[in-house]
Amino acid sequence: MNKPLLLGLAISAILLTGLVIAGEAIYGTLATISYNISSSNNNQQIQVIPINFNLGNLTAGQSGSLVGKTNVTVLTSGTYELELKEDALGDVFSQFTVTISIANYTVTLQLHENNDYKLYLPAGTYTVDVKINYTVSQNPEGKSVINAPLLLLKYKGQNNNEENS
């Protein structure tokens, strides 16, 4: 083949590649989307508006307490479990105790021990009182927590009068 023809093909290929790359690189995002789908099935057993405890800025060794109140509607009688979620507490607190009063129960849950409790609740609406007592450890892990789950109420089944032993 002759050199001018090869040179022309090479230049054409380079130009064509450059146009394809330029065509791909010239764009702008016109819109983005985010969403969360909440299940709205008829098997929902609990209706609650959570209490938001804001401890604010904490320092090593600091102690404090907070109280909150909410209403819980239990749609199905059965065994429920109260659980203290330790994920948000991490290695920040040397002491963290939550006392929950619901129906005829007063339950105390603690960080790293006794962090769940099963109780029987008949269908109905209950006022729930929650008190938190805490002490920040002397060498807390640096972290920021916003709206992390702290207490869960889980439907476990329709076993009558099953409680912790």
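Here is a short report on the structure shown in this document. (Residues numbered from 1 in each chain as written. Predicted model: local features only at pLDDT ≥ 70, side-chain atom pairs only at ≥ 80, totals over all residues. Heavy atoms only, no water.)

**What about the overall build of the protein?**
Quick reminder of the rule: Labels follow the DSSP assignment, with helices taken as runs of H or I lasting at least four residues and strands as runs of E lasting at least two, numbered in each case from the N terminus. Buried, partly exposed and exposed residues are distinguished by accessible area as a fraction of the type maximum, computed with a 1.4 Å probe on protein chains only: under 20%, between the cut-offs, and over 50%, respectively. What makes two residues a contact is simply this: any of their non-hydrogen atoms within 4.5 Å. The method behind every accessible area is Shrake-Rupley, applied with a 1.4 Å probe, and residues are considered shielded solely by the protein chains displayed.
In terms of regular secondary structure, the protein is built from one helix and eight strands. Going residue by residue from the N terminus, the α and β elements of the protein occur as α-β-β-β-β-β-β-β-β. The buried share of the protein, reckoned over its 165 residues, is 25%. Long-range contacts, defined here as pairs at least 24 residues apart, represent 81% of the contacts in the protein between residues at least 6 apart. As displayed, the protein has an accessible area near 11600 Å², and 51% of this comes from carbon and sulfur atoms.

**Re the nonpolar core**
Side chains of nonpolar character tend, in soluble globular proteins, to be buried together. Heads up, the rule is: Among buried residues, those of type Ala, Val, Leu, Ile, Met, Phe, Trp, Tyr and Cys that are joined through side-chain atoms within 4.5 Å constitute a nonpolar core.
Residues F93, F96, I100, I102 and L121 are the most contacted members of the largest nonpolar core, which totals 28 residues. Mapped onto this core, the elements with two or more residues apiece are strand 2 (63–74), strand 3 (78–84), strand 4 (93–102), strand 5 (105–110), strand 6 (116–121) and strand 7 (124–136). The element best represented in this core is strand 7, accounting for six residues.

**Topic: the sheet that holds strand 2**
Counted only if it meets this: Pairing between two strands is assigned when DSSP locates at least 2 bridges connecting them. What counts as an axis is a line fitted to C-alpha atoms, over the stretch in contact for a helix, and the angles between N-to-C directions run from 0 to 180 degrees.
In spatial order, the strands read 1-2-7-4-5; together these five strands make up an open sheet with antiparallel pairing. Both outer strands of the open sheet, strand 1 (46–48) and strand 5, are each paired with one neighbouring strand and no more. Going from strand to strand, the sheet's axes swing by 25° on average, the running direction of each strand aside.

**Some details on unusual backbone geometry**
One non-glycine residue with positive phi stands out, namely A103, at about 55°. Of note, A103 is situated in the loop between strand 4 and strand 5. Overall, A103 belongs to the partly exposed group, its relative accessible area being 40%. Of note in this structure, N147 is not a glycine but carries a positive phi near 50°. In this fold, N147 is placed in the loop between strand 7 and strand 8 (151–157).

**A closer look at the layout of surface pockets**
The rolling of a water-molecule-sized probe over the atoms marks out the regions of remaining empty space. Applied cut-off: Buriedness of a pocket was judged along seven lines, with at least five required to meet protein on both sides within 12 Å; pockets are open sets of points on a 1 Å grid over the protein atoms alone, cavities are sets where a 1.4 Å probe fits but cannot get out, and lining residues have an atom within 4 Å of a point. Grid points are joined across faces, edges and corners, and a volume is the space filled by probe spheres set on the points. Polar here means any residue other than Ala, Val, Leu, Ile, Met, Phe, Trp, Tyr, Cys and Pro, which are nonpolar, and Asp, Glu, Lys and Arg, which are charged; Gly is therefore polar.
Considered as a void within the structure, the largest pocket measures approximately 1400 Å³ in volume. Around the largest pocket sit 44 residues that line it, and I51, F53, A148, P149 and L150 are the ones nearest its centre. For the lining of the largest pocket, the secondary structure elements donating two or more residues are strand 1, strand 2, strand 4, strand 7 and strand 8. A total of five residues in the lining of the largest pocket trace back to one element, the largest contributor, which is strand 8. Of the residues in the lining of the largest pocket, the class split is 31 nonpolar, ten polar and three charged.

**A short note on the packing of aromatic side chains**
What counts, and what does not: We call Phe, Tyr and Trp rings a pair once their centres come within 6.5 Å, taking the six-membered ring for Trp, and we label the pair stacked below 30 degrees between planes, edge-to-face above 60, and tilted otherwise.
In total, this model carries three aromatic pairs according to the counting rule given. Taking 5.0 Å as the distance between ring centres and 65° as the angle between the ring planes, the aromatic pair formed by F93 and F96 counts as edge-to-face. Judged by its relative accessible area of 3%, F96 is buried. Ring pairs connect the aromatic residues F93, F96 and Y134, which therefore count as one cluster.

Everything listed here is a matter of geometry and, on its own, says nothing about what the molecule does.
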